[in-house]
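Fold and geometry: a report
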Amino acid sequence: MAAAAPEANAPPQPLQPSIACSNEEMESWWRDKIGDPPHGLNPDAIRAWRANQFNGTVWHKVAYYGDLGVCEWLKSQGLLDMINLRNEGGWTPLHLAAGDDDACARWMMGNGADINAVADIADATGQPITVYAFLGSSPIRLFTEDWSVDTLLKRTKDAAMLCEKRGLPMTF
């Protein structure tokens, strides 16, 4: 018997925890997707690296390819502060991930990507974007992220207020 098809308007399933790739896997990914890695993947060299096309960062490439292990590796190297940088076309990595890879977009939003950048595109194009906000609230997630219940409530409230302010439909 075939499994029932998922409901058309069902919210996306929560992400499973991602595990960072190893340094060797990251170097292999970089060679395969980009070319020779900068200076042995030193975080300062990665921070300075820019893609030829539209002067994007490594986060733009990761968003394009949607590799969560690479996202975790970049996070482990202290490079999350680059996740909202725009390329010469004005696009953030989240713009790319939102267009092609739901899991990567959700990972990025859960790790500090600015939804305002996507909302700006919705405003400019007149196309509605529904925000699927998922904040893991299990005791394991709270422990892993070092969140208190107050932190979880604040993030939930902030997300709802931002969606309301920007006129974005949302679901939790």
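Before reading on, note that the structure itself is shown above.
Residues numbered from 1 in each chain as written. Predicted model: local features only at pLDDT ≥ 70, side-chain atom pairs only at ≥ 80, totals over all residues. Heavy atoms only, no water.

1. Looking at the overall build of the protein chain
Counting its secondary structure elements, the protein chain contains nine helices and two strands. Seen in sequence order, the protein chain has helices and strands lined up from the N terminus as α-α-α-α-α-α-α-β-α-α-β. Counting all 172 residues of the protein chain, 33% fall into the buried class. Working note: accessible area of the protein chain is about 10500 Å², and carbon and sulfur atoms make up 53% of it. (Helix = DSSP H or I, 4+ residues; strand = E, 2+ residues; numbered from the N terminus. Buried < 20%, exposed > 50% of the residue type's maximum accessible area, 1.4 Å probe, protein only. Areas by Shrake-Rupley, 256 points an atom, 1.4 Å probe, with all protein chains shown as cover.)

2. Structural notes on helix 3 (residues 58–65)
All buried positions along helix 3 are accounted for by Val58, Trp59, His60, Val62 and Ala63. For helix 3, the capping residue at the N-terminal end is threonine 57, with a side-chain oxygen 3.1 Å from the backbone nitrogen of tryptophan 59. At the exit of helix 3 stands glycine 66, carrying a positive phi of roughly 70°. (Polar contact = N/O pair within 3.5 Å; in protein donor to acceptor, adjacent residues only side chain to side chain.)

3. Structural notes on the packing of aromatic side chains
Aromatic ring pairs are described here by two measures, namely the spacing of the ring centres and the angle between the planes. Here the structure, examined in full by the defined rule, presents four aromatic pairs. A ring pair is formed by tryptophan 29 and tyrosine 65, whose centres lie 6.2 Å apart and whose planes are at 90°; its orientation type is edge-to-face. Pair noted here: tryptophan 29 is in helix 1 (residues 23–33) and tyrosine 65 is in helix 3, with a separation of 36 residues, a long-range link. Between tyrosine 64 and tyrosine 65 the ring centres are 4.9 Å apart and the planes differ by 85°, which places this aromatic pair in the edge-to-face class. A residue is classified by how much of its surface remains accessible, and tyrosine 65, at 33% relative accessible area, is partly exposed. Connected via pairs of aromatic rings, a cluster forms that spans Trp29, Tyr64 and Tyr65. (Phe/Tyr/Trp six-rings, centres within 6.5 Å; stacked < 30°, edge-to-face > 60°.)

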